[in-house]
Amino acid sequence: MLLSGVAVIGSGAVVGFMNLPGRTAAPAASPNGAQASSVPITRSDMVDTKQVSGTLGYAGRRSQPNRAGGVVTATRAEGTVVRRGGWLYKVAGKPVFLMYGAVPMYRRLGVGTTGPDVRQLELNLVKLGYKPGTVDKTFTAVTARAVWAWQRDEGLVATGRAEVSQVIFSGGSLRIAENSKQAGDAAEGSVVTTTGTERAITIKLETSHQQFARKGARVKVQLPDGKKVAGTISSVGTVARPGKDADSPATIEVRVKVGGELGRLDQAPVTVELRTGRRKDVLSVPVEALIARAGGQYGVRVVQGGARRVVPVETGLFMGSRVEISGAGLSEGVRVEVPAL
């Protein structure tokens, strides 16, 4: 039984202690002497939620492979978005460029080479305003002239061959997340870590709660400034990661896509509300309407005209300020007494 949720009424409005529909003063005082009031029993769907911690950042974080040798001479500012034809960093004064495509730059491309990576390069050249001839899988002399022109314009050594040190292929534009090397460092290993430009939230969800995360499910996200935005679970990991120590639970990675204005915060903590249960078309009252009875049972005090009587109830789902109830003679609209606020 989770007590951190909310009650959702029909269209999705949240019902809380301070916004109860139809609250009116009852003619009698509550047992503690304070003036009581009454509210109607409501019929609605009740949605329970669990709050978990997440991190707002950007999807697709990756340390980019580097094939250029020498000394790093320039990097881009973190947060910079690099698009097709832009440079990611420079080694020995020569830029490493971004082009779009699914096949990594794994070999030198020159006259006579064939394959999908050739077509990928030619398509990028067209998009950048060059003329490599027919866009196909064959690197021809016409392709070489287009590569030569591109190299000349970008200050590279113009050879007509595309080198693995000159291009990084990615599925789209990249955002500079972190420079692992700075100007003056040897260009050994990765020089830059990038992300995509799409905002995403990552949740390290305890495996004991994985049943609450379903791809396509809607969630609510509370941002660092307190604002709440809607999100959708885009992926649910299937590999459990052990905790940092023996006392930490194993987790799976859950990704949430969010929309709206999210600012430029990266790696910012957020709170995500996962739906953990739903009760359809049930009666509910504020928790404060419950009256304790003998034997651990509960009741509610029904107000009808000037009369008040206690009706035994069975409780169901507790969700924040409300509780599901059932009992003889109870129906939507019947008024029950609650203590004065």
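What this report covers is the structure whose coordinates are included nearby. (Residues numbered from 1 in each chain as written. Predicted model: local features only at pLDDT ≥ 70, side-chain atom pairs only at ≥ 80, totals over all residues. Heavy atoms only, no water.)

Quick look at helix α2 (residues 141-153)
Rules: Only runs of H or I of at least four residues qualify as helices and only runs of E of at least two qualify as strands under DSSP, and these elements are numbered from the N terminus. The span you would expect from a helix comes to 1.5 Å times its residue count less one. We call two residues in contact whenever any of their non-hydrogen atoms come within 4.5 Å of each other.
With 13 residues, α2 extends 18 Å between its outermost C-alpha atoms, agreeing within 8% with the 18 Å of an ideal straight helix rising 1.5 Å per residue. Elements in contact with the buried residues of α2: β10 (94-100), α1 (116-127) and β11 (167-170). Two residues or fewer after α2 comes Gly155, characterised by a positive phi angle close to 80°.

Some remarks on the packing of aromatic side chains
Put simply, the rule is: Paired rings are identified among Phe, Tyr and Trp, the last through its six-membered ring, by centres lying within 6.5 Å, and are further divided according to the angle between planes into stacked (under 30 degrees), edge-to-face (over 60) and tilted (the rest). Only protein chains enter the area calculation, which uses a 1.4 Å probe; residues under 20% of their type maximum are buried, those over 50% are exposed, and those in between are partly exposed. Counting as a charge over the ring demands two things of the Lys NZ or Arg CZ atom: a distance within 6 Å of the ring centre and an angle within 35 degrees of the ring normal.
Under the defined criterion, the tally for this structure stands at one aromatic pair. Both rings, one in Phe97 and one in Trp150, keep their centres 5.4 Å apart while their planes meet at 65°; by these two values the pair is edge-to-face. A residue pair is termed long-range when its members are at least 10 positions apart, and Phe97 in strand β10 and Trp150 in helix α2 qualify at 53 residues. Given the relative accessible area of 2%, Trp150 is considered buried. Above the ring of Trp87, the side-chain terminus of Arg76 is found at 4.4 Å from the ring centroid.

Notes on the pattern of salt bridges
Side chains bearing opposite charge may pair, as long as their charged atoms lie close to each other. Selection rule: The term salt bridge refers to a pairing of a side-chain nitrogen on Lys or Arg with a carboxyl oxygen on Asp or Glu at a separation within 4 Å.
This model, assessed by the stated rule, comprises 13 salt bridges. For Glu163, the salt bridge identified is with Arg161, shortest N-O distance 3.9 Å. Here Glu163 falls in the buried class, since its relative accessible area comes to 16%. In this structure, the salt-bridge partner of Lys204 is Glu253, at a minimum N-O distance of 2.9 Å. Linking Lys204 in strand β14 (residues 199-206) with Glu253 in strand β17 (residues 251-258), this pair joins segments that are 49 residues apart in sequence. Overall, the relative accessible area of 54% leaves Lys204 in the exposed class.

Quick notes on the sheet that holds strand β7 (residues 72-75)
Inclusion rule: In this analysis, strands are considered paired if DSSP registers two or more bridges between them. In this analysis an axis means a line fitted to C-alpha atoms, helices contributing only their contacting stretch, and an angle means the value between N-to-C directions, from 0 to 180 degrees.
With mixed pairing, the four strands of this open sheet are ordered in space as β7-β9-β10-β11. Strands with a single pairing partner mark the edges of an open sheet, and in this sheet they are β7 and β11. Looking at each pair of strands side by side, their axes are set apart by 25° on average, direction ignored. Alignment of β10 against β11, held across four bridges, turns out to be parallel. Directly across from Met99, in β11, lies its bridge partner Phe169. The strands touched by α1 within the sheet are β10 and β11, with β10 carrying the most contacts at an inclination of about 100°.

Here's the deal with the nonpolar core
Applicable threshold: Here, nonpolar core refers to any group of buried Ala, Val, Leu, Ile, Met, Phe, Trp, Tyr and Cys residues whose side-chain atoms link them within 4.5 Å.
Core analysis: the largest hydrophobic core is formed by 22 residues, its most contacted members being Ile201, Val221 and Val272. Breaking this core down by element, the ones donating at least two residues are β5 (42-58), β14, β15 (218-222), β16 (228-236), β17 and β18 (268-286). Within the second largest apolar cluster, 18 residues are counted, among which are Met99, Leu121, Ala146 and Ala162.

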